[in-house]
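Each chain is listed here by its residues.
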Amino acid sequence: MKTYKIAVIKGDGIGPEIVNEAIKILKIAAQKFNFTLHFEDFLMGGIAYDLTQNPLPDETIAGCLESDATLFGAIGGEKWDNLPRELRPESGLLRLRKSLEVFANFRPAKVYNELLEASTLKPEIVQGVDILVVRELIGGIYFGTPKGRDKNRGYNTMIYSVEEVKRIAHIAFKAAQKRSKKVCSVDKANVLDVSQLWREVVSEVAKEYPDVELSNMYVDNAAMQLIRNPKQFDVILTGNLFGDILSDEASMLSGSIGLLPSASIGGKAAIYEPIHGSAPDIAGLGIANPIATIASAAMMLRYSLGEIEAADAIDNAIETVLKEGYRTKDIANFGAKEVCSCERMGSVIAEYI
Ligand code: IPM
Ligand code: MG
């Protein structure tokens, strides 16, 4: 029987609650589809700082590198907001991404038919939306130097090398080949030199994928088009900062940020996490929506472990459960037959696998 090692980082806030549900689902999927999973917990974020004075202990990096994949919940909270930047939970996450060299971040934004009403946009605008944001994750202004601040000035550097753009562009075009064969590359080439280079390199790479249609869009226009007519997009390829912003925007098309998973891949190991944060305001109340994390677990089975049948079973179970009217609190106003706790939602999804 195939055996996989999964590093688990529950993190802060609602992290532990949502990850526990994903583990519950993974165990059932493993049983049903005949493979074994070994889970090992590692510390990161605020809890890691509290226990070790370091938001990303070395053991966590080592543990992730030794595993077949990392399942991650969420980190951060007001409690740690006033720490020096390098000790903050967010710095732990950025360092983890960098250490594992996961340069490609997949953020699908798919609208479930059952939740059309949950979107703040009109149903006819969002029905059928199926976008994949491919965000460069370990470069750009997040990591560029020089950076710093003194009393009067703060500065960061947005920088991309040809190599960095090439490798993420290839990933995006390959992903598009398996979808609707359209890539929209988003930049700010009318103002930024770094974007000019980005656009040139992406256009060059595009020549190797004649079956995929490339378009280019300025980021301000893309932000507008996502709301005006989101169905025009298939794969959105963009840099670290623009991808951070546009993926949050795209997530709202689906009605709740609690629904959307992500995969960070391309490096020495892979990280699977919901795109939402740690939601400290509802932590411990048992009302968080575990679907984004469970869908992230499905992505893990699909991309890192190659357990496609199990991944499909989880995705289908999520869809069925939504069809049947099970809702967590964030989406309770839209066709709820039963309003579920986080744990109950996990259990219902488990039943349908
Ligand atoms: C995300 C988050 C992170 C980011 C933060 C928590 C560092 O917003 O994963 O989108 O900016 O990348
Ligand atoms: Mg973000």
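Please read all numbers here as calculations on a predicted model, not as lab measurements. (Residues numbered from 1 in each chain as written. Chains lettered and ligands numbered in written order. Predicted model: local features only at pLDDT ≥ 70, side-chain atom pairs only at ≥ 80, totals over all residues. Heavy atoms only, no water.)

### Considering the pattern of salt bridges
Now for step 1: Summed over the entire model, instances satisfying the criterion amount to 17 salt bridges.
Now for step 2: The partner of arginine 302 in a salt bridge is aspartate 312, and the shortest N-O contact between them spans 3.0 Å. Separated by ten residues along the polypeptide, arginine 302 in helix α10 (residues 291–303) and aspartate 312 in helix α11 (residues 308–323) bring together distant segments of the chain.
Now for step 3: Judged by relative accessible area, arginine 302 falls into the partly exposed class, the value being 25%.
Now for step 4: In the salt-bridge network here, residues are joined through shared partners; they are Glu21, Lys24 and Glu343. (Salt bridge = Lys/Arg side-chain N within 4 Å of Asp/Glu carboxyl O. Helix = DSSP H or I, 4+ residues; strand = E, 2+ residues; numbered from the N terminus. Buried < 20%, exposed > 50% of the residue type's maximum accessible area, 1.4 Å probe, protein only.)

### Things to note about the side chain of serine 195
Now for step 1: Tracing the chain through its elements places serine 195 in helix α7 (residues 193–206).
Now for step 2: What serine 195 contacts, discounting residues up to four positions off in sequence, is Asp187, Lys188, Ala189 and Phe242. (Contact = heavy atoms within 4.5 Å.)

### Re the packing of helix α8 (residues 219–228) against helix α9 (residues 240–253)
In a packed pair of helices, the relevant descriptors are the angle between the two axes and the axis-to-axis distance.
Now for step 1: For the pair α8 and α9, interaxial distance at closest approach is 10 Å and the crossing angle is 10 degrees. Taken together, the axes of α8 and α9 lie roughly parallel to each other. Residue-level inspection shows Val219, Ala222, Ala223, Leu226 and Ile227 of α8 in contact with α9, the latter providing Phe242, Leu246, Glu249, Ala250 and Leu253.
Now for step 2: Here the contact of α8 with α9 is built from residues that sort into nine nonpolar, no polar and one charged. (Axes fitted to C-alpha atoms, helices over the stretch in contact; angles between N-to-C directions. Parallel < 35°, antiparallel > 145°, perpendicular 65-115°, else oblique. Nonpolar A, V, L, I, M, F, W, Y, C, P; charged D, E, K, R; others polar.)

### Notes on the packing of aromatic side chains
Now for step 1: In this structure the tally under the stated criterion is four aromatic pairs.
Now for step 2: Here the aromatic rings of phenylalanine 106 and tyrosine 303 are separated by 5.8 Å at their centres, their planes lie at 85 degrees, and the arrangement is edge-to-face. One end of the pair, phenylalanine 106, is in strand β4 (residues 104–110); the other, tyrosine 303, is in helix α10, and 197 residues separate them in sequence.
Now for step 3: By relative accessible area, which is 6% here, phenylalanine 106 ends up buried.
Now for step 4: Tyrosine 303 gets classed as partly exposed once you look at its relative accessible area, which sits at 42%.
Now for step 5: Ring geometry for phenylalanine 173 against tyrosine 209: centres 5.2 Å apart, planes inclined by 10 degrees, an arrangement best described as stacked. Here tyrosine 209 lies in the loop between α7 and β9 (213–218) and phenylalanine 173 lies in helix α6 (residues 162–177), a separation of 36 residues in the sequence. The same class applies to phenylalanine 173 as to tyrosine 209, namely buried.
Now for step 6: The cationic tip of lysine 98 hangs over the ring face of phenylalanine 143; the distance from NZ or CZ to the ring centre is 4.6 Å. (Phe/Tyr/Trp six-rings, centres within 6.5 Å; stacked < 30°, edge-to-face > 60°. Lys NZ or Arg CZ within 6 Å of the ring centre and 35° of its normal.)

### Quick word on the site of ligand 1
Now for step 1: Taken together, the neighbourhood of ligand 1 is formed by Glu90, Arg97, Arg107, Arg135, Tyr142 and Asp244.
Now for step 2: A distance of 2.6 Å separates an oxygen atom of ligand 1 from a polar side-chain atom of tyrosine 142.
Now for step 3: Calculation on ligand 1 without its partners gives an accessible area of 320 Å², and the protein chains cover 76% of this total.
Now for step 4: Class assignment for the residues of the shell around ligand 1 results in one nonpolar, no polar and five charged. (Near = heavy atom within 4 Å. Polar contact = N/O pair within 3.5 Å; in protein donor to acceptor, adjacent residues only side chain to side chain. Areas by Shrake-Rupley, 256 points an atom, 1.4 Å probe, with all protein chains shown as cover.)

### What about α8?
Now for step 1: Taken residue by residue, α8 has Val219, Ala222, Gln225 and Leu226 as its buried positions. For α8, the buried positions fall inside an angular range of 110 degrees around the axis, keeping them on one side.
Now for step 2: Considering only its buried residues, α8 is in contact with β5 (130–136), β8 (182–187), β9, β10 (235–238) and α9. (Arc of directions from axis to C-beta.)

### Here we look at the domain arrangement of the protein chain
Now for step 1: If you check the domain split of the protein chain, you get domain 1 (1–111 + 255–353) and domain 2 (120–236).
Now for step 2: Each of domain 1 and domain 2 has a C-alpha centre, and these two points are 25 Å apart.
Now for step 3: Buried surface at the junction of domain 1 and domain 2, both sides included, amounts to about 1600 Å², of which 67% is carbon and sulfur.
Now for step 4: At the surface where domain 1 touches domain 2, the tally comes to zero salt bridges.
Now for step 5: At the surface where domain 1 touches domain 2, the tally comes to six residue pairs in polar contact (both at pLDDT 80 or more).
Now for step 6: The set of elements that each furnish at least two residues to the side of domain 1 that touches domain 2 consists of α4 (89–100) and β4. (Domains from an automatic or database assignment. Buried area = accessible area lost by both parts, 1.4 Å probe.)

### Section: the packing of α11 against helix α12 (residues 342–351)
Now for step 1: Following both chains from N to C, one finds α11 and α12 inclined at 115 degrees, their axes separated by 8 Å at the closest point. Here α11 lies roughly perpendicular to α12, going by the angle between them. Here the hand of the crossing between α11 and α12 comes out right-handed. On α12, the residues touching Ala317, Ile318 and Val321 of α11 are Met345, Val348 and Ile349.
Now for step 2: Tallied by class, the residues present in the contact of α11 with α12 amount to six nonpolar, no polar and no charged. (Left-handed = near helix turned anticlockwise from the far one by under 90°.)

### A closer look at helix α3 (residues 58–66)
Now for step 1: The complete set of buried residues in α3 reads Thr60, Ile61, Gly63 and Cys64. All buried residues of α3 project into a common sector of 165 degrees when viewed along the axis, lining one side. What points out from α3, more than 90 degrees from its buried face, is the exposed set Asp58, Glu59 and Glu66.
Now for step 2: Of the surrounding secondary structure, the elements contacted by the buried residues of α3 are β1 (2–11), β3 (69–74) and α4.

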